[in-house]
Amino acid sequence: QVQLEESGGGLVQPGDSLTLSCKSYLHVSGSDAMGWFRQTPGKEREFLAAVRWASGDTWYEQAVKGRFTISREIAKNIGFLQMNRLKPEDTAVYYCATGSGGSTIWNYGLWGQGTQVTVSS
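No experiment lies behind these values; they were computed from the predicted model shown.

Visitor: Describe the pairing of strand β8 (residues 78–83), with residues and values.
Guide: As paired strands, strand β3 (residues 18–24) and β8 are joined by six bridges and run antiparallel to one another. The partner of Cys-22 across the bridge, within β8, is Gly-79. Bridge count for strand β7 (residues 68–73) against β8 is six bridges, and the pairing is antiparallel. Bridge pairing links Ser-71 to Phe-80 in β8. Counting the residues that bridge the hairpin from β7 to β8 gives four residues, and of these Asn-77 lies at a positive phi of roughly 55°.

Set out below in structure tokens:
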């Protein structure tokens, strides 16, 4: 049963931009947050960014701050991750999740199944 679904991944070249979308099929309450994470084979899942739904307060991982921007369309329960100046090191499966917020993976309870982003020349 799908509750969150990511879309927008694909193959891009270094320096390109890409925007990922996350559709929640459940209502996202104002006090909850949506976060974006990524994972590569053999590595732990990495926090990227999160936004508190109603207030718009954000958290960013320092490694992507300035290149990645998180946003959302509140009424449609859709979140976005805009990624600029992509690098080969950004290649990963990207996941969205909802939960209580912050940068800790354990604060998020509902997860999508991921979308592949590959950055290669």
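This is not the end of the story, as more comes after the structure.
Visitor: Requested: an account of the nonpolar core, with residues and values cited.
Guide: Ranked by size, the top nonpolar core spans 23 residues in total, and within it Leu-20, Trp-36, Phe-68, Leu-81, Met-83 and Tyr-94 carry the most contacts. The set of elements that each furnish at least two residues to this core consists of β3, β4 (33–39), β5 (46–52), β7, β8, β9 (92–99) and β11 (115–119). In this structure, Ala-33, Phe-37, Ala-50 and Tyr-108 belong to the second largest nonpolar core, which totals six residues.

Visitor: Give a detailed account of unusual backbone geometry, specifying residues and quantitative values.
Guide: Phi is positive for Asn-77, which is not a glycine, with a value near 55°. Here Asn-77 is to be found in the loop between β7 and β8. Residue Asn-77 is classed as buried on the basis of its relative accessible area, which comes to 12%. Even without being a glycine, Arg-85 presents a positive backbone phi close to 50°.

Visitor: With reference to specific residues and values, describe the packing of aromatic side chains.
Guide: One pair of aromatic rings is described through two measures. These are the centre distance and the angle between the planes. Tallied over the full model, the rule gives four aromatic pairs. Their ring planes at 75° and their centres at 5.2 Å tell us that Phe-37 and Tyr-108 sit as a pair that is edge-to-face. Of this pair, Phe-37 sits in strand β4 while Tyr-108 sits in strand β10 (residues 108–111); the two residues are 71 residues apart in sequence, bridging distant segments of the chain. Residue classification places Phe-37 among the buried positions, given a relative accessible area of 0%. Given the relative accessible area of 5%, Tyr-108 is considered buried. Arranged with centres 6.5 Å apart and planes meeting at 65°, the rings of Tyr-108 and Trp-111 form a pair that is edge-to-face. Its relative accessible area of 25% is what places Trp-111 among the partly exposed residues. Among the aromatic residues, those joined into a cluster by ring pairs are Phe-37, Phe-47, Tyr-108 and Trp-111.

What counts and what doesn't
Per chain, the residues get numbers from 1 upward, laid out in the order the sequence is written. Per-residue local features are limited, in this predicted model, to residues with pLDDT of at least 70; the limit for side-chain atom pairs, both in listing and counting, is 80 or more; totals at the level of whole chains, interfaces and linings are taken over all residues. Excluded from the side-chain calculation are hydrogens and water; included are all heavy atoms of the structure. In this analysis, strands are considered paired if DSSP registers two or more bridges between them. Comment: elements are numbered from the N terminus, with helices defined as DSSP H or I runs of at least four residues and strands as E runs of at least two. For the purposes of this section, nonpolar cores are sets of buried Ala, Val, Leu, Ile, Met, Phe, Trp, Tyr and Cys residues that join through side-chain atoms within 4.5 Å. Each residue is placed in one exposure class: buried if its accessible area under a 1.4 Å probe, protein chains only, is under 20% of its type's maximum, exposed if it is over 50%, and partly exposed if it falls in between. Here a pair means two rings of Phe, Tyr or Trp (six-membered ring of Trp) with centres within 6.5 Å. Their orientation is stacked below 30 degrees between planes, edge-to-face above 60, and tilted elsewhere.

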